[in-house]
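For reference, the chains in residue letters:
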Amino acid sequence: MLYFRQLNIKKKPIPLQRQQKKKQLKTKNMEKKVILLTGASSGIGYQTAEFLAKQGHIIYGAARRVEKMEPLKEYGVKPIQLDVTVQESIDKAVESIIEAEGRIDVLVNNAGYGSYGAIEDVTIEEARKQFDVNIFGVAMLTKKVLPYMRNQHSGTIINIASIGGRLTTYFGAWYHATKYALEAFSDALRMETKGFGIKVSIIEPGGIKTPWGFIAADHLAESAKGGAYEAQATATANGMRKQYEGNMMSNPIVIAKAISRAVNSRCPKTRYTVGFMAKPLVWLHSWLPARWFDAIMMRAS
């Protein structure tokens with residue numbers, strides 16, 4: 001084992017002016033790409049659209065509520081209306097980009113949501129809705145974009161999953177089922193499209209300070225009202241709100257930067273595990289006995 005700390009090598013600090021010049025040169029030499037980014041109206045998607053646009057990429061920010069993306073026009077983002085669960089909406093959005101740009105270099109499947117609740121309490125209609133948005137919507141849009149990327153013999157598909165696709169939290173069954181499915185879907189897609197020059201990466205956020213946690217907590221509390229799980233669910237929902245109200249969660253910019261690395265890399269990683277407690281939790285889940293990890297998750301909130 002090597003202990004680099006003992007070498008006590010001191011590096012000369014790089015002057016600030018040279019750092020800025022290097023950063024400007026890197027941005028200048030960056031290949032401009034046409035990027036379709038879903039879920040761009042808030043949270044991770046919104047910050048990623050702004051971040052990538054500032055790098056000089058051509059960003060089509062897609063969401064159902066176009067008006068929420070208006071401020072992004074200041075950075076050159078082009079808002080388009082898109083509902084990932086409606087084929088006609090997908091066709092119209094993708095075909096409009098191809099007509100304007102002639103290609104799509106990167107697809108970022110970011111649209112999704114989390115609806116927590118006990119398996120017994122959550123209706124099958126709500127469960128299907130989560131799968132429609134979080135997995136089938138991803139599949140529908142990916143299938144639409146793939147022929148263009150195959151013809152180009154190039155492209156990058158980035159799916160925003162979660163560490164929730166590697167482990168399971170209390171009362172999150174249906175949400176985690178969609179994220180586990182997205183992990184498997186992405187792995188299969190990566191193998192299938194490799195011969196066509198298409199890269200597939202998964203982003204696995206940990207705790208990120210967005211409205212997601214509050215929405216999930218509200219769904220959990222509402223679904224449990226008057227039921228057998230009400231006491232536990234209410235306590236867990238309150239714990240989730242406290243976590244997301246605090247300062248422990250990571251800023252969405254850390255995910256935007258991870259997406260940027262995948263976008264700009266010639267050989268992106270298959271997985272980027274980033275954000276609050278992401279890597280430690282995945283490691284714990286791999287090494288601890290299942291019942292020990294269950295106990296941690298049940299007490300975490």
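Everything discussed here concerns the structure shown above.
Below is a summary of the structure that appears in this document. Since the model is a prediction, treat every value here as computed from it, not as a measurement.

Here is what the cut-offs are and how they apply
- Residues numbered from 1 in each chain as written.
- Predicted model: local features only at pLDDT ≥ 70, side-chain atom pairs only at ≥ 80, totals over all residues.
- Heavy atoms only, no water.
- Patch = residues over 30% accessible without salt bridge, like charges linked within 9 Å, V, L, I, M, F, W, Y side chains within 5 Å.
- Areas by Shrake-Rupley, 256 points an atom, 1.4 Å probe, with all protein chains shown as cover.
- Salt bridge = Lys/Arg side-chain N within 4 Å of Asp/Glu carboxyl O.
- Lys, Arg positive; Asp, Glu negative; His and termini not counted.
- Charge placed at Lys NZ, Arg CZ, Asp CG, Glu CD.
- Helix = DSSP H or I, 4+ residues; strand = E, 2+ residues; numbered from the N terminus.
- Buried < 20%, exposed > 50% of the residue type's maximum accessible area, 1.4 Å probe, protein only.
- Pairing = 2+ DSSP bridges.
- Axes fitted to C-alpha atoms, helices over the stretch in contact; angles between N-to-C directions.
- Contact = heavy atoms within 4.5 Å.

1. Some thoughts on a positive patch on the surface
Stage number 1. Taken together, the side chains of K257, R261, K269 and K279 define a basic patch exposed on the protein surface.
Stage number 2. Position of K257 among the secondary structure elements: in helix 8 (residues 253–264).
Stage number 3. Since its relative accessible area comes to 41%, K257 is described here as partly exposed.

2. Side note on the sheet that holds strand 3 (residues 78–81)
Stage number 1. Pairing in this open sheet of seven strands is parallel, and the strands run 3-2-1-4-5-6-7 from one edge to the other. Of all strands in the sheet, those with a lone pairing partner are strand 3 and strand 7 (271–274), marking the two edges. The mean inter-strand angle of the sheet, taken between neighbouring strand axes irrespective of direction, is 20°.
Stage number 2. The pairing of strand 1 (residues 34–38) with strand 2 (residues 58–63) spans five bridges and is parallel. Bridge pairing links L37 to G61 in strand 2.
Stage number 3. Sheet strands in contact with helix 2 (residues 43–54) are strand 1, strand 2 and strand 6 (198–205), and its direction is about 165° off that of strand 1.
Stage number 4. Running at roughly 150° to strand 3, helix 3 (residues 87–101) makes contact with strand 1, strand 2 and strand 3 of the sheet.

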